[in-house]
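What the coordinates show
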Amino acid sequence: MFYFFCGVAVLSALVVLFSKNILYAAFSLVATFMAVAGIYVIAGAEFVAITQIMVYVGGIVVLLIFGVMLTNKISGKAMITESRNKFSAAVVMTSLSALLIYAIFQMNFTALQGQAWIDNNNYKPTENLTNINQLGIGLMSDYILPFEIAAVLLLVALIGAATIAGYKERSDGH
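To keep things clear, this report deals only with the structure shown in the data block. These numbers come from a predicted model, not from an experiment. (Residues numbered from 1 in each chain as written. Predicted model: local features only at pLDDT ≥ 70, side-chain atom pairs only at ≥ 80, totals over all residues. Heavy atoms only, no water.)

**Quick word on the overall build of the protein**
Stated precisely, the cut-off is as follows: Secondary structure elements follow DSSP: runs of H or I no shorter than four residues count as helices, runs of E no shorter than two count as strands, and numbering proceeds from the N terminus. Throughout, exposure labels follow a simple rule: accessible area from a 1.4 Å probe, protein chains only, divided by the maximum for the residue type, with under 20% read as buried, over 50% as exposed, and the rest as partly exposed. In this description, contact between two residues means that some pair of their heavy atoms is separated by no more than 4.5 Å. Surface accessibility in these figures is a Shrake-Rupley result with a 1.4 Å probe; residues are shielded only by whichever protein chains are displayed.
For the protein, the count of helices and strands is seven helices and zero strands. Written out in order from the N terminus, the α and β elements of the protein read α-α-α-α-α-α-α. Here the protein, with 174 residues, has 12% of them falling under the buried criterion. Put simply, of all contacts in the protein between residues at least 6 apart along the chain, 48% involve residues at least 24 apart. Roughly 13900 Å² of accessible area belongs to the protein as shown, and the carbon and sulfur atoms make up 71% of that amount.

**Considering a nonpolar patch on the surface**
Keep this limit in mind: Candidates for patches are residues over 30% relative accessible area with no salt bridge; among them, like charges are joined within 9 Å and nonpolar side chains (Val, Leu, Ile, Met, Phe, Trp, Tyr) within 5 Å. For salt bridges, the criterion is a side-chain nitrogen of Lys or Arg within 4 Å of an Asp or Glu carboxyl oxygen.
A cluster of nonpolar side chains, contributed by Phe-47, Val-48, Ile-50, Met-54, Val-55, Tyr-56, Ile-60, Ile-132 and Leu-135, occupies part of the molecular surface with about 780 Å² of accessible area. Elements supplying a minimum of two residues to the nonpolar patch: helix 3 (46-75) and helix 6 (131-140). In terms of residue count, the dominant contributor to the nonpolar patch is helix 3 (seven residues).

**Comments concerning the packing of aromatic side chains**
The following threshold applies: Classification of ring pairs rests on two measures: the distance between centres of Phe, Tyr or Trp rings, Trp counted by its six-membered ring, which must be within 6.5 Å, and the angle between planes, read as stacked under 30 degrees, edge-to-face over 60 and tilted in between.
On inspection of all chains with the given rule, the structure shows three aromatic pairs. Measuring from centroid to centroid gives 5.7 Å for Phe-2 and Tyr-3, while their planes differ by 70 degrees, and the two rings are edge-to-face. The exposure class of Phe-2 is partly exposed, given its relative accessible area of 40%. The class of Tyr-3 is exposed, set by a relative accessible area of 71%.

**Describing the side chain of Ser-12**
Rules: Counted as a polar contact is a pair of N or O atoms within 3.5 Å, where, for protein atoms, one must be capable of donating a hydrogen and the other of accepting one, and residues adjacent in sequence contribute only when both atoms are in side chains.
As for its placement among the helices and strands, Ser-12 is situated in helix 1 (residues 2-18). Look at Ser-12 and you get buried, because its relative accessible area is 8%. Of the polar contacts made by the side chain of Ser-12, one reaches the backbone oxygen of Ala-9; its length is 3.3 Å. Polar side-chain contacts of Ser-12 include one of 2.6 Å to the side chain of Thr-32.

**With respect to the nonpolar core**
Condition: Within this scheme, the nonpolar core is defined by two criteria: the residues are buried Ala, Val, Leu, Ile, Met, Phe, Trp, Tyr or Cys, and they are joined through side-chain atoms within 4.5 Å.
Residues Ala-26, Phe-33, Val-57, Val-61 and Ile-65 constitute the largest nonpolar core, which totals five residues. Those elements giving two or more residues to this core turn out to be helix 2 (22-42) and helix 3. Per element, the largest residue contribution to this core is three residues, and it comes from helix 3.

**Here's the deal with the packing of helix 1 against helix 2**
The criterion, for reference: To define axes, lines are fitted to C-alpha atoms, for helices over the stretch in contact only, and angles between the resulting N-to-C directions are given on a 0 to 180 degree scale. For classification purposes, an angle smaller than 35 degrees is called roughly parallel, one larger than 145 roughly antiparallel, one from 65 to 115 roughly perpendicular, and anything else oblique. By convention the crossing between two helices is left-handed if the near helix lies anticlockwise of the far one by an angle smaller than a right angle, and right-handed if it lies clockwise.
For the pair helix 1 and helix 2, the least separation of the axes is 8 Å and the interaxial angle reads 155 degrees. With respect to helix 2, the axis of helix 1 lies roughly antiparallel. Seen along the crossing, helix 1 lies across helix 2 with a hand that is left-handed. Counting all contacts with helix 1, which are made through Phe-2, Phe-5, Cys-6, Val-8, Ala-9, Ser-12, Ala-13, Val-15 and Val-16, the residues of helix 2 involved are Ala-25, Ser-28, Leu-29, Ala-31, Thr-32, Ala-35, Val-36, Gly-38, Ile-39 and Ile-42.

**Here we look at helix 1**
Heads up, the condition is: For a helix, the expected span equals 1.5 Å multiplied by the residue count minus one. What the arc measures is the spread of directions leading from the helix axis to the C-beta atoms.
Given a rise of 1.5 Å per residue, 17 residues ought to cover 24 Å, and the 24 Å separating the end C-alpha atoms of helix 1 matches this to within 8%. Looking only at helix 1, the buried set comprises Phe-5, Ala-9 and Ser-12. Angularly, the buried residues of helix 1 cover 80 degrees about the axis, an arc narrow enough to put them on a single face. Exposed side of helix 1, more than 90 degrees from the buried face: Tyr-3, Phe-4, Val-10, Leu-11, Leu-17 and Phe-18 are the residues found there. Those residues of helix 1 that are buried are in contact with helix 2.

Below, the structure is given as structure tokens:
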């Protein structure tokens, strides 16, 4: 399954890279993000996979697709891009890929197999808890104050954005 998701991610990323139609590139980006989320699930990082789907697929790509579709309706022209800097992109991609492959081969995966997760409060192994359980326990115990501050800050930002978006000047001058 890992190789399947890797293949889907690479192929759909190549479609994003070489597609001249922005809408097709956006849909291929959705496939890339979903494949990466599948890799996260296989790696045991369920929370990161859910966040990947919610933030990137659910927010950014959908916003991009709506923007492309609305812009296409206004202008009446097909959204076609020009490919520029292919050589520079190929050099950067090759360098980063070589660095990643080098780092993977330098990693000692056998040392990671015997490690058990340790609960910060009781120093007992918590092998029966999933990543999401551990994250929830951490957010509601050790990191409750930063979590609540972030929630209040996001609430204030949401109220401010709603106030700014809803503000309209009256036409009678008042």
